[in-house]
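Remarks on the overall topology
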Amino acid sequence: MLYDLLNREDLNWRKLQLYTAKKLIKQEGKSKVRAFVVDDSVKQRRGKKMPGVSSHFDHLTGRCVMGQQVLSFGYASDSQFVPLDNELFISQTKAQPLTHKFKD
């Protein structure tokens, strides 16, 4: 049942994530250390015919890997990190086509 809920594309997941982040940040109170964080991690995926993956250069390992680049934007303080938005990036290099387009 949980996986069925998570696979629903008709729900606005970005809006839910932003709403939850706003609530968490308001509850935190004043913090001396606050910053916005932008990250572009590579999520390695395995599988010969996995849809939606492509070749990316992973700077941590120093080589190209198959997977997805996850772009994240978040709010960091001295007590917590709250993700505000995420985006998956699929390059054109060795890209495995999606079986159907994402609705968002």
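First, a word on what this report is: a plain description of the structure on this page. (Residues numbered from 1 in each chain as written. Predicted model: local features only at pLDDT ≥ 70, side-chain atom pairs only at ≥ 80, totals over all residues. Heavy atoms only, no water.)

This part covers the pattern of salt bridges. Going through the model one piece at a time under the given rule, you end up with three salt bridges. Of the charged contacts in the structure, one is a salt bridge between D10 and R8, with a shortest N-O distance of 2.7 Å. According to the relative accessible area criterion, D10 is exposed, its value standing at 57%. Classification of R8 by relative accessible area gives partly exposed; the value is 37%. Close ionic contact of R14 with E87 constitutes a salt bridge, the shortest N to O distance being 2.4 Å. Remark: E87 occurs in strand β4 (residues 81-89) and R14 occurs in helix α2 (residues 13-28); sequence separation between them is 73 residues. Classification of R14 as partly exposed rests on a relative accessible area of 38%. Residue E87 is classed as partly exposed on the basis of its relative accessible area, which comes to 39%. Within this structure, R14, D85 and E87 form a network of salt bridges that share partners. (Salt bridge = Lys/Arg side-chain N within 4 Å of Asp/Glu carboxyl O. Buried < 20%, exposed > 50% of the residue type's maximum accessible area, 1.4 Å probe, protein only. Helix = DSSP H or I, 4+ residues; strand = E, 2+ residues; numbered from the N terminus.)

This part takes up the packing of aromatic side chains. On inspection of all chains with the given rule, the structure shows two aromatic pairs. Centre to centre, the rings of F36 and F73 are 5.4 Å apart; their planes meet at 15°, and the pair counts as stacked. Of this pair, F36 sits in strand β1 (residues 34-44) while F73 sits in strand β3 (residues 63-77), and the two are 37 residues apart along the sequence. You can call F36 exposed: its relative accessible area is 59%. The class of F73 is partly exposed, set by a relative accessible area of 35%. An angle of 65° between the planes, with centres 6.3 Å apart, marks the rings of F36 and Y75 as edge-to-face. Taken as a pair, F36 in strand β1 and Y75 in strand β3 lie far apart in primary sequence, 39 residues in all. The structure contains a cluster of three or more aromatic residues connected by ring pairs, namely F36, F73 and Y75. (Phe/Tyr/Trp six-rings, centres within 6.5 Å; stacked < 30°, edge-to-face > 60°.)

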